[in-house]
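Analysis of the macromolecular model
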Amino acid sequence: MNASRHSPDAIRAPRLAAAALAILLAGFAGLAAARPPVRIATVTPSAPPRSAEVPATATDAALESLGMGDVVRVTVFRNPELTTEARVSERGTILFPLIGEVHVVGMTPAQVGSRIAKKLRDGRFVVNPEVTVALAQVNSRQVAVLGAVNKPGRYPIDSQNSRLTDFLASAGGIAPAGAEHVTLVSTHDGRTVKRDIDLNAIFRSGDLSENVRLQPGDTIYVEKAPMVYIYGEVQKAGAYRLEPHMTVMQALALGGGLTVRGTQRGIKIARHTAQGVREIEAHLSDPVKDDDVIYVRESLF
């Protein structure tokens, strides 16, 4: 047994194993040196993006605030006995149960609700009150729409309805006999300013600069459109809207044309002039003016 333990093959085997292990370790070392170093990125937590909210302008806030004469309805959640409808007095206040007089003028309904809730909580009248204030009637900021519109009257102004076209729409639009020009009358700082506005510039050419923002107390007046009057031997005598560059022939067409007894040689126009009403002979191609009265005579033959 001692002879076999110290044989050449027994001595050579451990040496070969050690050499192989050394070669493998050298290979792994070379791969580690050739591999590029790994970089660890540092992640810094960022705040979530803010919502893209457009802050309310001072003008919008003023149009939402309460004024003298406005009527508000106040409700307190789970306390129906405290529901109150009140008018803002000339002192700018309303009366509310338990807390008495509350100053509200110049405040938005949400701000008034917070003020009433604080007073109820501080006075220990209601535990954790939830107060809602709604504007029941707007009297402090209105615009009057008069003249040739379908529904003349006074309409409230707020942040959603503040421009000229908004109030014309609220008034049901311009009546068929209404003109394409409107007059805006504004009174500010004791001065009354009158402005004529062409609606065609707004709707046809897209000139939105004429669609002005109105202020409380403004008045919109829609004048009656220019008219032409036709009578005599025509199918439908009456008053008709005068269109730009209208001729006698076009005016007679609005009246259905001449009757079988009418004659083109007997057309006269009664026209208002600086010297009074003047009667003139008219031809089919002659232009028609505002307030002209066209008379078609009966043919003699």
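Heads up: the structure comes first, above all this text.
Read on for a plain summary of the structure. Because the structure is a prediction, the values reported are computed rather than measured.

Cut-offs and rules
Residues numbered from 1 in each chain as written. Predicted model: local features only at pLDDT ≥ 70, side-chain atom pairs only at ≥ 80, totals over all residues. Heavy atoms only, no water. Helix = DSSP H or I, 4+ residues; strand = E, 2+ residues; numbered from the N terminus. Contact = heavy atoms within 4.5 Å. Areas by Shrake-Rupley, 256 points an atom, 1.4 Å probe, with all protein chains shown as cover. Pairing = 2+ DSSP bridges. Axes fitted to C-alpha atoms, helices over the stretch in contact; angles between N-to-C directions. Core = buried A, V, L, I, M, F, W, Y, C linked by side-chain atoms within 4.5 Å. Buried < 20%, exposed > 50% of the residue type's maximum accessible area, 1.4 Å probe, protein only. Expected span 1.5 Å × (residues − 1). Arc of directions from axis to C-beta. Phe/Tyr/Trp six-rings, centres within 6.5 Å; stacked < 30°, edge-to-face > 60°.

For the rest of this paragraph, the subject is the overall build of the protein chain. Scanning the protein chain from terminus to terminus reveals 7 helices and 15 strands. Across the protein chain, every contact between residues at least 6 apart in sequence was considered, and the portion connecting residues at least 24 apart equals 53%. Looking at the protein chain as shown, the accessible area adds up to about 20000 Å², and 55% of this sits on carbon and sulfur atoms.

The sheet built from 5 strands is open, its strands ordered β7-β6-β10-β8-β9 with mixed pairing. Of all strands in the sheet, those with a lone pairing partner are β7 (153-156) and β9 (191-198), marking the two edges. Each adjacent strand pair in this sheet contributes to an overall mean axis angle of 20 degrees, direction not counted. Relative to strand β10 (residues 219-224), strand β8 (residues 178-188) is paired through 5 bridges, and the arrangement is antiparallel. Residue pairing for β10: Val 182 is matched across the bridge by Val 222.

A few words now on the sheet that holds strand β13 (residues 262-273). If you trace the 5 strands from one edge of the open sheet to the other, you get β12-β11-β15-β13-β14, paired in mixed fashion. A strand with exactly one partner marks an edge of an open sheet, and here the two such strands are β12 (238-241) and β14 (276-281). Across this sheet, the average inter-strand angle for adjacent strands is 25 degrees, counted without regard to direction. In this structure, β13 lies alongside β14, joined through 6 bridges in antiparallel fashion. Paired with Thr 273 across the two strands is Gly 276, which belongs to β14.

Another aspect to go through is the nonpolar core. Counting 21 residues, the largest nonpolar core has Val 145, Leu 164, Phe 167, Leu 214 and Ile 220 as its most contacted members. Contributions of two or more residues to this core are made by β6 (142-147), α5 (164-170), β8, α6 (199-203) and β10. For this core, the leading source of residues is α5, giving 3 residues. Residues within four places of Leu 214 in sequence aside, it is in contact with Val 143, Ile 157, Ser 162, Arg 163, Leu 164, Phe 167, Leu 184 and Ile 220. In terms of nonpolar packing, the next biggest core, distinct from the first, is built from 20 residues, Leu 66, Val 74, Phe 96 and Leu 120 among them.

Our next topic: helix α4 (residues 109-122). For α4, with 14 residues, the first-to-last C-alpha span of 20 Å sits near the 20 Å given by 1.5 Å per residue. For α4, every residue scored as buried is listed here: Pro 109, Val 112, Gly 113, Ile 116, Ala 117 and Leu 120. Taken end-on, α4 shows its buried residues confined to a sector of 135 degrees, consistent with a single buried face.

One ladder, built from 8 bridges, connects β8 with β9; its direction is antiparallel. In the sheet register, Thr 183 faces β9, and the bridge partner there is Asp 196.

Quick look at unusual backbone geometry now. Its identity is not glycine, yet Arg 78 carries a phi of approximately 65 degrees, on the positive side. With respect to the helices and strands, Arg 78 occurs in the loop between β1 (71-76) and β2 (84-87). A positive phi angle, close to 75 degrees, is found at Leu 98, a residue other than glycine. Along the chain, Leu 98 turns up in the loop between β3 (93-96) and β4 (100-103).

Attention now moves to the packing of aromatic side chains. Enumeration according to the criterion identifies 1 aromatic pair in this entry. Look at Tyr 231 and Tyr 295: their rings are 4.8 Å apart centre to centre, the planes differ by 35 degrees, and that puts the pair in the tilted class. Residue Tyr 231 is located in strand β11 (residues 227-232), and its partner Tyr 295 is located in strand β15 (residues 293-298); the two are separated by 64 residues in the primary sequence. For Tyr 295, a relative accessible area of 30% corresponds to the partly exposed category.

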